[in-house]
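# Analysis of the macromolecular model
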Amino acid sequence: TQLLEQSPQFLSIQEGENLTVYCNSSSVFSSLQWYRQEPGEGPVLLVTVVTGGEVKKLKRLTFQFGDARKDSSLHITAAQPGDTGLYLCALHTGGFKTIFGAGTRLFVKA
Amino acid sequence: SQTIHQWPATLVQPVGSPLSLECTVEGTSNPNLYWYRQAAGRGLQLLFYSVGIGQISSEVPQNLSASRPQDRQFILSSKKLLLSDSGFYLCASDRGTRETQYFGPGTRLLVL
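Here's what I pulled together on the structure shown here. (Residues numbered from 1 in each chain as written. Chains lettered and ligands numbered in written order. Predicted model: local features only at pLDDT ≥ 70, side-chain atom pairs only at ≥ 80, totals over all residues. Heavy atoms only, no water.)

### Thoughts on the layout of surface pockets
One number sums up the size of the largest pocket: a volume of about 510 Å³. Contributing to the lining of the largest pocket are 20 residues, with Phe100 of chain A together with Arg42, Gly43, Leu44 and Gln45 of chain B lying nearest its centre. Listed by contribution, the elements that provide at least two residues to the lining of the largest pocket are β10 (98-100) of chain A together with β4 (32-38) and β5 (44-52) of chain B. For the lining of the largest pocket, the residue count by class is eight nonpolar, nine polar and three charged. (1 Å grid on protein atoms, 1.4 Å probe; cavity = no way out; pocket = protein on both sides within 12 Å on 5 of 7 lines; lining within 4 Å. Points joined across faces, edges and corners; volume = space filled by probe spheres on them. Helix = DSSP H or I, 4+ residues; strand = E, 2+ residues; numbered from the N terminus. Nonpolar A, V, L, I, M, F, W, Y, C, P; charged D, E, K, R; others polar.)

Written out as structure tokens, the structure reads:
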């Protein structure tokens, strides 16, 4: 059984602080996606990473894919209240099933 | 870009009543479609996926069923709801690549 763990589960920080959240898998995967979900809405795709060691930037968000393709991190610089939400990582193994982590719930206080 | 519609947005139903949740997709053809359930504090659980009209695969045994009467329509049903069916139901679509999925706004179901 493949496991996907996200940490921390919950994070509350002040506006302007930096943070990193992690996603770790027990297995190698073909691609990984990061989503952000706001309460009562569906997850919105942020990025897809497919290459070991890959780094992608989306404004203040930096996504890194581990060399061994078993882990990923999301770093947010100078967090803003608009970054508040549930950050989900999802890994794809090549079939129809995508495995989602339980998410990191981020709260950024103004 | 594709757009995914779900309705209703919120539903409160008594135990034992039937259920029908609908999902439609715009902006793409021949997508793979998915139904997920999300419980509070937990990840998304895949319930069903479909690769084409009339083709349904079930991932988890339960009292729910799914149907795909048209290419861009996916329906989640139940004949008799259980309390444990409460949750947030999400429909997702990919462009047939099986890689990146895009989600609808979700339906919050409360069974009383």
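### Structural notes on the state of the cysteines
All names here are of chain B. In this structure the tally under the stated criterion is two disulfides over all chains. Note that Cys23 is cross-linked by a disulfide to Cys91, the S-S spacing being 1.9 Å. The S-S bond linking Cys23 to Cys91 shows a torsion near -65°; that makes this disulfide left-handed. Note that Cys23 is positioned in strand β3 (residues 19-26) and Cys91 in strand β9 (residues 87-94), a separation of 68 residues in sequence. A residue is classified by how much of its surface remains accessible, and Cys91, at 0% relative accessible area, is buried. (Disulfide = S-S within 2.5 Å. Buried < 20%, exposed > 50% of the residue type's maximum accessible area, 1.4 Å probe, protein only.)

### Section: the sheet that holds strand β7 (residues 64-70) of chain B
Residue and element names in this part refer to chain B. If you walk across this open sheet you meet the four strands as β1-β3-β8-β7, and the pairing is antiparallel. Looking at the sheet topology across the chains shown, the edges are occupied by β1 (3-7) and β7. Going from strand to strand, the sheet's axes swing by 20° on average, the running direction of each strand aside. In this sheet, strand β8 (residues 73-78) lies alongside β3 in antiparallel orientation, the contact comprising six bridges. Each bridged residue has a counterpart across the sheet, and for Leu19 the counterpart in β8 is Ser78. (Pairing = 2+ DSSP bridges. Axes fitted to C-alpha atoms, helices over the stretch in contact; angles between N-to-C directions.)

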